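# Secondary and tertiary structure notes
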Amino acid sequence: MIEFSGVSKRFPDGTLAVADFSLVIPSRRTIALVGSSGSGKTTLLRMINRMVDPTSGTVSIDGEDIAGTDPVRLRRRIGYVMQNSGLLPHRTVLQNIATVPLLTGVPKDSARERALELMDTVGLDRALASRYPAQLSGGQQQRVGVARGLAVDPNILLMDEPFGAVDPIVRRELQSELLRLQAELGKTIVFVTHDIDEAFLLGDEVVILGIGGQICQHGTPEAILSAPASDFVADLVGANRGRRALSLRQSDGRTLVIDGEGRIAGVLPEGVDGGARR
Ligand code: ADP
Ligand code: MG
């Protein structure tokens, strides 16, 4: 469990990136933080692995205030996947994936074997192991980024708009791969995105953020869809309506919310008539 308690971050230039933020993130679930650019998502994420330290308030992991932990050791047990994959350009795919395990003292042969297994896990052909990042497609680079994030078998995986820079088709593919992976791995995933569809698809829980990391609404996709807390959230959720074209379908006495591509976007709680909304 990750807990933010009254957390604020003011950068040295005076920018208040996050103001009095409190949130409990349960273990072994995917939580999606969604908000527009500048809402403080990256700052929040980086406060979990101490790439950024709060100005006030505390962040704790499993009840332990991380302010007292060694940042380097903390970072080695938390996976971090960045938007532009953050791969080292002059290292091969295999070396990129194995970098952190090697740093933590895993013998070379096991690190190599583990890296190859991780390539299988994220759906990368082992034949790509000796390529350099520039010789890969955007989607392949992101897969390497995910494999690297998983390399130390962390309990926590932080993902900062990891699929933001790839085309929509590959993006869909990566999203379903992540769903598959998470069903297998059961990590605590904090997934940052500015795409509400992506947040609803991937998040067991979704946190909609406004400026300064202000929480506009926090809940399951179903709960947010069925009862937006404000006009702002209602607009956001209803955005791209044409493409989204949500519809309802009855199944086994439950009301399913179906998106424009026929996927189940969520289940309405009993007694809620989603059809009455808008
Ligand atoms: P997001 O990831 O949601 O786009 P960020 O967390 O990157 O938002 O940024 C939140 C706010 O903090 C923005 O106004 C941004 O300009 C500012 N900010 C981020 N990093 C720094 C920094 N190192 N110094 C000063 N301001 C920063
Ligand atoms: Mg960001």
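The paragraphs below set out a description of the structure included in this document. (Residues numbered from 1 in each chain as written. Chains lettered and ligands numbered in written order. Predicted model: local features only at pLDDT ≥ 70, side-chain atom pairs only at ≥ 80, totals over all residues. Heavy atoms only, no water.)

### A word on the overall build of the protein chain
Where we set the bar: Counting from the N terminus, the helices are the DSSP runs of H or I reaching at least four residues and the strands are the DSSP runs of E reaching at least two. Radius of gyration: over C-alpha atoms. The globule rule applied is 2.2 Å multiplied by the number of residues raised to the 0.38 power. The cut-offs for exposure are 20% and 50% of the maximum accessible area for each residue type, with area from a 1.4 Å probe on protein chains only; residues under the lower value are buried, those over the upper are exposed, and the others partly exposed. Residue contacts are defined here by distance: any two heavy atoms, one from each residue, within 4.5 Å place the two residues in contact. For the accessible areas, the method is Shrake-Rupley and the probe is 1.4 Å, while residue cover comes only from the protein chains on display. Under the convention used here, Asp and Glu are negative, Lys and Arg are positive, and both His and the chain ends fall outside the count. Note that the charge is assigned to NZ on lysines, CZ on arginines, CG on aspartates and CD on glutamates.
When helices and strands are counted, the protein chain shows ten helices and 13 strands. Here the C-alpha radius of gyration of the protein chain, 20 Å, is about what a compact globule of 278 residues would show, namely 19 Å. Projected onto its principal axes, the C-alpha positions of the protein chain cover 60 × 45 × 30 Å. Counting over 278 residues, the protein chain shows a buried share of 46%. Partitioning the contacts of the protein chain with sequence separation of at least 6, the portion at a separation of at least 24 is 61%. Of the roughly 13,300 Å² of accessible surface on the protein chain, a fraction of 50% belongs to carbon and sulfur atoms. Taking the 31 positively charged and 33 negatively charged side chains of the protein chain as two groups, their mean positions are separated by 5 Å.

### Digging into the site of ligand 1
Note the following rule: Only a single heavy atom is needed: when it lies within 4 Å of a molecule or strand, its residue is near that molecule or strand. Side-chain atoms alone can form a polar contact between residues adjacent in sequence; in general such a contact is a pair of N or O atoms within 3.5 Å, and within protein one must be able to donate a hydrogen while the other accepts it. The residue classification treats Ala, Val, Leu, Ile, Met, Phe, Trp, Tyr, Cys and Pro as nonpolar and Asp, Glu, Lys and Arg as charged. All others, Gly included, are polar.
All residues in the neighbourhood of ligand 1 are listed as Phe11, Asp13, Thr15, Ala17, Ser36, Ser37, Gly38, Ser39, Gly40, Lys41, Thr42 and Thr43. Here Gly38 contributes a backbone N or O atom positioned 2.7 Å from an oxygen atom of ligand 1. Interatomic distance of 2.5 Å between a side-chain N/O atom of Thr43 and an oxygen atom of ligand 1. Within the complex, the protein chains bury 62% of what would otherwise be the 560 Å² of accessible surface of ligand 1. The leading source of residues in the shell around ligand 1 is helix H1 (residues 41–46), at three residues. For the shell around ligand 1, the residue count by class is two nonpolar, eight polar and two charged.

### Observations concerning unusual backbone geometry
Across residues other than glycine, the phi torsion is negative in most instances, and most of the peptide bonds are trans. The phi torsion at Arg28 lies on the positive side, around 60°, for a residue other than glycine. Structurally, Arg28 is set in the loop between strand S2 (16–25) and strand S3 (30–34). Phi angles above zero are rare outside glycine, and Glu161 is one such case at about 40°. Among the secondary structure elements, Glu161 is positioned in the loop between strand S7 (156–160) and helix H6 (168–185).

### Observations concerning the sheet that holds strand S6 (residues 78–81)
Let me state the cut-off plainly: Pairing between strands is defined by DSSP: at least two bridges between the two strands are required. What counts as an axis is a line fitted to C-alpha atoms, over the stretch in contact for a helix, and the angles between N-to-C directions run from 0 to 180 degrees.
Taking strand neighbours across the sheet as the criterion, the six strands line up as S6-S7-S8-S3-S9-S10 in an open arrangement whose pairing is mixed. Each having just a single partner strand, S6 and strand S10 (215–219) make up the two edges of the open sheet. Strand-to-strand, the axes of this sheet are offset by a mean angle of 15°, without reference to chain direction. As judged from the four bridges shared by S3 and strand S9 (residues 205–209), these two strands associate in the parallel manner. Bridged to Leu33 within S9 is Val207. Each of S6 and S7 touches helix H5 (residues 138–150); the most contacted strand, S6, lies at about 165° to it.

Functional significance is not addressed by these values, which are geometric in nature.
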